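Observations on the model geometry
Residues per chain are reported as follows:
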Amino acid sequence: MDLRQITEGYSVTPQIEPEDVKTLADMGVKTLICNRPDAENPPPLQAAAIQAEAEAHGIAFVFNPFQGNTMTQDHVEEQADAIAGSDGPVVAYCASGNRSTVAWAFGAAGRVPVDQIIKTATSYGYPFDQLRPALEAAAARNAG
């Protein structure tokens, strides 16, 4: 598992395996968000398998799947609500961590400066420069 800490309480990672959930529980993670559609994974890595492990370890599980070109404002809001509603650290996963970072970024824009969002994402290998106009629009929308 390759955790990338985006904020103090929010990390992303590429696809996890069921046995990774115990490690997350031991680390104090309270909420696990899956941003990866089941169609991208074999059954042992699909959301139901990860959710069962999460619940067995006392971790809340949120299934918020999308592909990059299908992300909607509903996905952004569900991600933001899951993060805000968690009583402790949150980990989100997808294929590489990029989608989970994008969903966070659009929800955080307006509270976190766009330059900081881009810098943080880029530091983990997610180049967000091309998202600047959309993030600035999201910041204006979220602030209003």
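First, a word on what this report is: a plain description of the structure on this page. (Residues numbered from 1 in each chain as written. Predicted model: local features only at pLDDT ≥ 70, side-chain atom pairs only at ≥ 80, totals over all residues. Heavy atoms only, no water.)

Focus: the environment of P42
We count it as follows: Runs of E in the DSSP output that reach at least two residues are strands. Runs of H or I that reach at least four are helices, and both are numbered from the N terminus. Whether a residue is buried, partly exposed or exposed follows from its accessible area with a 1.4 Å probe, protein chains only, as a fraction of its type maximum: under 20%, in between, or over 50%, in that order.
Tracing the backbone shows P42 in the loop between strand 3 (31-34) and helix 2 (47-56). Look at P42 and you get partly exposed, because its relative accessible area is 43%. Separated by 55 residues in sequence, P42 and G97 place their C-alpha atoms 18 Å apart.

Details of a negative patch on the surface
For clarity, the cut-off: Patches in this entry comprise residues that are over 30% relatively accessible and not in a salt bridge; like charges within 9 Å are linked, as are nonpolar side chains (Val, Leu, Ile, Met, Phe, Trp, Tyr) within 5 Å. Residue exposure ignores everything except the shown protein chains as possible cover, and the areas themselves are Shrake-Rupley values with a 1.4 Å probe. By salt bridge we mean one thing: a side-chain nitrogen of Lys or Arg within 4 Å of a carboxyl oxygen of Asp or Glu. Neither His nor the chain ends contribute to the count of charged residues, in which Lys and Arg are positive and Asp and Glu negative. In this description, the location of a charge corresponds to atom NZ of lysine, CZ of arginine, CG of aspartate or CD of glutamate.
A grouping of D74, E77, E78 and D81 is seen on the molecular surface, where their side chains present a negatively charged patch. Note on placement: D81 falls in helix 3 (residues 73-85). By relative accessible area, which is 56% here, D81 ends up exposed.

A word on helix 5 (residues 114-123)
Test applied: Starting at the helix axis, one direction is taken to each C-beta atom, and the arc is that of these directions. Two residues form a contact once any of their heavy atoms are found within 4.5 Å.
For helix 5, the set of buried residues is V114, I117, I118, T120 and A121. Down the axis of helix 5, the sector holding all buried residues measures 165 degrees, keeping them to one side. Turned more than 90 degrees away from the buried face of helix 5, the exposed residues are D115, K119 and S123. Here the buried face of helix 5 lies against strand 1 (4-7), helix 4 (98-108) and helix 6 (132-143). Downstream of helix 5 by a residue or two, G125 has a phi angle that is positive, lying close to 90 degrees.

Considering the pairing of strand 3
Applicable threshold: We call two strands paired when DSSP finds no fewer than two bridges between them. Place the viewer so that the strands point away; then a crossover is right-handed whenever the path from the first strand over the helix to the second strand goes clockwise.
Residues of strand 3 alternate between two faces, with T31 and I33 on one and L32 and C34 on the opposite face, all of them buried. One ladder, built from four bridges, connects strand 3 with strand 4 (residues 60-63); its direction is parallel. Across the sheet, the residue bridging to L32 is F61, located in strand 4. Regarding the hand of the β-α-β motif, the stretch spanning strand 3, helix 2 and strand 4 is right-handed. Bridge count for strand 3 against strand 5 (residues 90-94) is four bridges, and the pairing is parallel. When the bridges of strand 5 are listed, L32 appears paired with V91.

Digging into the packing of helix 5 against helix 6
Packed helix pairs are characterised by how far apart their axes lie and by the angle those axes make with each other. Counted only if it meets this: Axis angles are defined between N-to-C directions and span 0 to 180 degrees, where every axis is a line fitted to C-alpha atoms and, for a helix, only to the segment in contact. Oblique is the label for any angle not covered by the other classes, which are roughly parallel (under 35 degrees), roughly antiparallel (over 145) and roughly perpendicular (65 to 115). For a crossing to be left-handed, the near helix must be turned anticlockwise from the far one by less than a right angle; the clockwise case is right-handed.
The geometry of helix 5 relative to helix 6 is characterised by a closest axis approach of 10 Å and an angle of 135 degrees between their N-to-C directions. Between helix 5 and helix 6, the angle is such that the two are oblique. As helix 5 packs across helix 6, the resulting crossing turns out to be right-handed. Residues V114, D115, I117 and I118 of helix 5 touch helix 6, and the partners they reach there are R132, L135, E136 and A139.

Description of the nonpolar core
Test applied: To form a nonpolar core, buried Ala, Val, Leu, Ile, Met, Phe, Trp, Tyr and Cys residues must be joined to one another through side-chain atoms within 4.5 Å.
Counting 25 residues, the largest nonpolar core has Y10, W104, F106, I117, F128 and L135 as the members making the most contacts within it. Contributions of two or more residues to this core are made by strand 2 (10-14), helix 3, strand 5, helix 4, helix 5 and helix 6. Looking at which element gives the most residues to this core, the answer is helix 4, with five residues. The residues contacting F128, other than those within four sequence positions of it, are N98, T101, V102, A105, I117, I118, A121, T122 and L135. In terms of nonpolar packing, the next biggest core, distinct from the first, is built from 13 residues, V29, A54, F61 and Y93 among them.

Considering the sheet that holds strand 5
The strand order 1-2-5-3-4 describes an open sheet built from five strands, whose pairing is mixed. Two strands in the sheet have a free side with no partner beyond their single neighbour: strand 1 and strand 4. Taking the axes of each pair of neighbouring strands and ignoring which way they run, one obtains an average angle of 25 degrees across the sheet. Strand direction decides the pairing type here: strand 1 and strand 2, joined by three bridges, are antiparallel. Among the inter-strand pairings, Q5 is bridged to a residue of strand 2, identified as S11. Along the sheet face, helix 4 touches strand 1, strand 2 and strand 5 and points at about 125 degrees away from the line of strand 5.

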